[in-house]
Amino acid sequence: MEIWNNPACSKSACARSVLDEAGVGYQVRPYLDQPPTVEELVEVLRRLDARPWDICRLQEPAAVSRGMADWPRDTATEPRWIEAMVASPELIQRPILLLDDGSALVGRTPEALDEAVRRAGGATGTA
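For the structure given in this document, a descriptive report is provided here. (Residues numbered from 1 in each chain as written. Predicted model: local features only at pLDDT ≥ 70, side-chain atom pairs only at ≥ 80, totals over all residues. Heavy atoms only, no water.)

### Section: the sheet that holds strand 1 (residues 2-4)
- With mixed pairing, four strands are arranged side by side in an open sheet as 2-1-3-4. Where the open sheet ends on each side, the last strands, each with one partner, are strand 2 (27-29) and strand 4 (104-106). The average angle at which neighbouring strand axes cross in this sheet is 20°, direction not considered.
- Across three bridges, the pairing between strand 1 and strand 3 (residues 96-98) is antiparallel. From the neighbouring strand, Trp4 faces strand 3, where its bridge partner is Ile96. (Pairing = 2+ DSSP bridges. Helix = DSSP H or I, 4+ residues; strand = E, 2+ residues; numbered from the N terminus. Axes fitted to C-alpha atoms, helices over the stretch in contact; angles between N-to-C directions.)

Below is the structure:
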């Protein structure tokens, strides 16, 4: 699996720890230094079955300065959301776990991390 990681984020650190303890192999993508392309973010959203605003951190200064909390949330504005998130990857919720089975999870809760471990075939109940 691949984990979109922010090294300063406690939730990212927790996810790495849970995966390590469960013996689940993963690759770290420092997505702030290696931002996704529009195509990659669209694919992640598909895998998450989510819309851009579902994984956008609206409290970040980059969102506040753009007024994103007031942006329309409809199909026509999805490209605008995605372009903003690619331009300012700190807007993307973290950690995102891209599982080898083609699915993805936002690994912010113990339940999501247990699910990731289960799908990856590791020892569950560690979150």
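### Brief notes about helix 2 (residues 38-48)
- Within helix 2, the full set of buried residues consists of Leu41, Val44, Leu45 and Leu48. Buried residues of helix 2, viewed axially, fall in a sector of 100°; they line one side. More than 90 degrees from the buried face of helix 2, the exposed residues found are Glu39 and Arg46.
- Its buried side turned inward, helix 2 meets strand 1, helix 4 (78-87), strand 3 and strand 4.
- Just beyond helix 2, the residue with positive phi is Asp49, at close to 55°. (Buried < 20%, exposed > 50% of the residue type's maximum accessible area, 1.4 Å probe, protein only. Arc of directions from axis to C-beta. Contact = heavy atoms within 4.5 Å.)

### A few points about the side chain of Glu78
- Looking at the element boundaries, Glu78 is found in helix 4.
- In this structure the side chain of Glu78 is engaged in a polar contact, spanning 2.3 Å, whose partner is the side chain of Arg51.
- The contacts of Glu78, once residues within four sequence positions are left out, are Arg51, Pro52 and Trp53. (Polar contact = N/O pair within 3.5 Å; in protein donor to acceptor, adjacent residues only side chain to side chain.)

### Some thoughts on the packing of helix 2 against helix 4
- Taken N-terminus to C-terminus, the directions of helix 2 and helix 4 make an angle of 115°; their axes are 10 Å apart at the nearest point. Seen from above, helix 2 lies across helix 4 with right-handed handedness. Contact residues: helix 2 offers Val38, Leu41, Val42 and Leu45, while helix 4 offers Ile82, Glu83, Met85 and Val86.
- Tallied by class, the residues present in the contact of helix 2 with helix 4 amount to seven nonpolar, no polar and one charged. (Left-handed = near helix turned anticlockwise from the far one by under 90°. Nonpolar A, V, L, I, M, F, W, Y, C, P; charged D, E, K, R; others polar.)

### Focus: the pattern of salt bridges
- Scanning the model with the defined rule gives six salt bridges in all.
- Here Arg118 ties to Glu115 by a salt bridge, and the two come within 2.6 Å at their closest N and O atoms. Remark: Glu115 and Arg118 occur in helix 5 (residues 110-120); sequence separation between them is three residues, near one turn of the helix.
- Of the residues examined, Arg118 reaches a relative accessible area of 49% and is grouped as partly exposed.
- Between Glu115 and Arg119 there is a salt bridge, and its shortest N-O distance comes to 2.8 Å. Here the residue Glu115 and the residue Arg119 both occupy positions in helix 5, the gap between them amounting to four residues, near one helical turn.
- Note on Glu115: relative accessible area 23%, which makes it partly exposed.
- The class for Arg119 is partly exposed, based on a relative accessible area of 33%.
- A cluster of three or more residues bridged by salt bridges with shared partners is formed by Glu115, Arg118 and Arg119. (Salt bridge = Lys/Arg side-chain N within 4 Å of Asp/Glu carboxyl O.)

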